[in-house]
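# Structural features, examined
Listed here are the chains, written in short residue letters.
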Amino acid sequence: MDKIKMTTPLVEMDGDEMTRILWKMIKEELLLPYVDLNTEYYDLGLACRNETDDQVTVDAANATKKYGVAVKCATITPNHARMKEYDLKKMYKSPNGTIRAILDGTVFRAPIVVKGIEPCVRNWKKPITIARHAYGDIYKNTEFYVEKPGKVELVYTSENGEEKRSLVQEFKSPGVAMGMHNMEASIESFARSCFNYALDTNQDVWFGAKDTISKTYDGKFKEIFQKIFTEEFKAKFDAAGLTYFYSLIDDVVARVMKAEGGFIWACKNYDGDVMSDMVSSAFGSLAMMTSVLVSPDGYYEYEAAHGTVQRHYYRHLEGKETSTNSVATIFAWTGALRKRGELDGNKALTEFADKLEKATLSTIEAGKMTKDLAMITTIKHPKVLSSRDFILAVRESLDRIMK
Ligand SMILES: NC(=O)C1=CN([C@@H]2O[C@H](COP(=O)(O)OP(=O)(O)OC[C@H]3O[C@@H](n4cnc5c(N)ncnc54)[C@H](OP(=O)(O)O)[C@@H]3O)[C@@H](O)[C@H]2O)C=CC1
Ligand SMILES: O=C(O)CCC(=O)C(=O)O
Ligand SMILES: [Mn+2]
């Protein structure tokens, strides 16, 4: 069989730890045998970020703007422990924060639903899609440790030198302080992408923020969502029988737990980060959630919602067998290949992405899965596979489908 050709390169961002191991296996076993992979490769592994003073991350984000579609492996965001472990020149910022700040947009995260893996929240009958604002807030903050008594102020200086200041805290003893921001234009495009996605997928939109406490910051999110909804989307929502619902974030969290699912939950950046892990884990496993960043300029970055699975990697380094679930990383590749195929009118590539997803899900439905799923499946006597054996089982299934 001839390999499927690709006309435009896909931006490939490699990553760290266990997901870097899975990345290589997925390419070797599930992609390269069938596709003449045309990627522009960026190594976002921590060693290379350190060598390039993190320039590689910026280059990868700019390449995504050039070609339109990227696929990213999970990466380490360094903390003090990682500084020592990797002998880093500095404590680099999150590559995801850097890339999302350059591309802007909304991250859509939806659970991968498969027979035999039921949500542990009994009343969830349909998937819940998290729409996470990808720009700003704590992911683009500035913060410091206050060592001695003194005053921390927030100061704004306009272009012609006028100042606006407000006291953050009069410190009598050591503490911490942080400044963060967001942009009206980014919040507007976040709102538009949520409402457009709702119309495309025929789902309601729920949004929660804490406007009673954060009257100006969260209040602005609430106001912009309502304005965009009323002015641009209400008529279309009415015609489609859909609704937009706003409430305080804590009320929304409580309601989500009692709901049936089948809606888009728009979340501010941090809420979406945390709640997507809660939703994916309750739907089955952290490794069963897709994630795509859709930028207002029409760029797409596909990834898994989970991290580098550090604990499994240390087992791997000790020479022990691991059973790490590669499904979300496989789906990051299929999402990116499908989008590349759609943009290039490359039907063979789009169909390949569909087949690889089908092969992955049918492997699980046949009772072959990694440990995280085996612990919760309703399938009797599941076969627990190692990281590699699961990918090989998907390969067998894919070979059958591709014939
Ligand atoms: N998008 C990204 O690039 C992200 C990167 N990170 C980075 O990842 C690193 C590790 O973060 P951590 O908090 O451990 O989060 P992880 O999401 O990597 O893992 C947390 C735990 O979830 C379970 N888990 C997650 N993914 C899988 C999988 N594919 N298969 C099986 N189990 C899974 C494991 O549980 P158990 O051990 O019980 O089996 C694991 O220990 C950090 O350095 C962080 O900076 C974190 C989040 C996102
Ligand atoms: O970039 C990071 O450090 C964390 C990212 C993350 O947790 C996510 O994308 O869900
Ligand atoms: Mn996260």
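Definitions and cut-offs
Residues numbered from 1 in each chain as written. Chains lettered and ligands numbered in written order. Predicted model: local features only at pLDDT ≥ 70, side-chain atom pairs only at ≥ 80, totals over all residues. Heavy atoms only, no water. Helix = DSSP H or I, 4+ residues; strand = E, 2+ residues; numbered from the N terminus. Rg over C-alpha atoms; globule rule 2.2 N^0.38 Å. Buried < 20%, exposed > 50% of the residue type's maximum accessible area, 1.4 Å probe, protein only. Contact = heavy atoms within 4.5 Å. Areas by Shrake-Rupley, 256 points an atom, 1.4 Å probe, with all protein chains shown as cover. UniProt positions renumbered as here; feature names shortened; annotations may be inferred. Near = heavy atom within 4 Å. Polar contact = N/O pair within 3.5 Å; in protein donor to acceptor, adjacent residues only side chain to side chain. Nonpolar A, V, L, I, M, F, W, Y, C, P; charged D, E, K, R; others polar.

### Some thoughts on the overall build of the chain
- Looking only at helices and strands, one finds 14 helices and 16 strands in the chain.
- The C-alpha atoms of the chain give 22 Å as radius of gyration, which agrees with the globular expectation for 403 residues (22 Å, within 12%).
- Seen along its three principal axes, the alpha-carbon backbone of the chain occupies a region of about 70 × 55 × 45 Å.
- Split into buried and exposed, the 403 residues of the chain put 52% on the buried side.
- Counting contacts in the chain only where the partners sit at least 6 residues apart, residues at least 24 apart contribute 76% of the total.
- Counting every atom, the chain has about 19400 Å² of accessible surface; 52% of that belongs to carbon and sulfur.

### Some details on the UniProt feature "domain: Isopropylmalate dehydrogenase-like" (unreviewed entry) in the chain
- The UniProt feature table records "domain: Isopropylmalate dehydrogenase-like" (unreviewed entry) at residues 9-394.
- Counted over residues 9-394, helix gives 45% and strand 22%. Its end C-alpha atoms are 25 Å apart.

### As for the site of ligand 1
- The immediate surroundings of ligand 1 are formed by 19 residues, with Thr 75, Gly 307, Val 309, His 312 and Asn 325 found nearest.
- The separation between an oxygen atom of ligand 1 and a polar side-chain atom of Arg 311 is 3.0 Å.
- His 312 places a polar side-chain atom, nitrogen or oxygen, 2.8 Å from an oxygen atom of ligand 1.
- Surface burial for ligand 1 is 70%, taken as the share of its 880 Å² of free accessible area covered by protein chains.
- A class-by-class count of the residues in the shell around ligand 1 yields five nonpolar, nine polar and five charged.

### Looking at the environment of Lys 151
- Within the secondary structure layout, Lys 151 lies in strand 7 (residues 150-157).
- Along the sequence, Lys 151 and Leu 167 sit 16 residues apart, while their C-alpha atoms lie 7.5 Å from each other.
- In this view, Lys 151 contacts Leu 167, Gln 169 and Glu 170; residues no more than four positions away in its chain are not counted.

### Considering the site of ligand 2
- Within the structure, ligand 2 sits among Thr 77, Ser 94, Asn 96, Arg 100, Arg 109, Arg 132, Asp 273 and Ala 305.
- The separation between an oxygen atom of ligand 2 and a polar side-chain atom of Arg 100 is 2.9 Å.
- Contact between ligand 2 and Asp 273: an oxygen atom at 3.1 Å from a side-chain N or O atom of the residue.
- Split into classes, the residues belonging to the shell around ligand 2 amount to one nonpolar, three polar and four charged.

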